[in-house]
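Here is what each chain is made of, one letter per residue.
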Amino acid sequence: MMRDPAVSAEYERIEHEEMPMLDTILKARAEAGLTRAQVAERMGTKAPAPWHDWKMR
């Protein structure tokens, strides 16, 4: 799959553009002492299912 140039390019884009932003968001949440549920509530939505629930689907 990573041999496909389009897949490889998208992976690189995500690594360089989106992952640093995600790291910043996760760090801010941790520093604020908020759970995912608390952040979701403040955003007016529901927290995502825990990872182990997704693996069972």
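Rules and cut-offs
- Residues numbered from 1 in each chain as written.
- Predicted model: local features only at pLDDT ≥ 70, side-chain atom pairs only at ≥ 80, totals over all residues.
- Heavy atoms only, no water.
- Helix = DSSP H or I, 4+ residues; strand = E, 2+ residues; numbered from the N terminus.
- Buried < 20%, exposed > 50% of the residue type's maximum accessible area, 1.4 Å probe, protein only.
- Areas by Shrake-Rupley, 256 points an atom, 1.4 Å probe, with all protein chains shown as cover.
- pLDDT = per-residue confidence, 0-100.

Caption draft 1: Just the overall build of the chain, in detail. On a plain count of helices and strands, the chain comes out with 3 helices and 0 strands. What you see in the chain, going N to C, is helices and strands ordered as α-α-α. When the 57 residues of the chain are sorted by exposure, 4% land in the buried category. On the chain, roughly 5,300 Å² of surface is accessible, and the fraction owed to carbon and sulfur atoms is 60%.

Caption draft 2: Main features of the confidence of the model for the chain. Looking at the chain as a whole, its pLDDT mean stands at 86, while 84% of the residues score no less than 70. At the level of individual helices and strands, the chain shows its lowest average pLDDT in helix H3 (residues 51-55), which scores 59, and its highest in helix H1 (residues 5-32), which scores 93.

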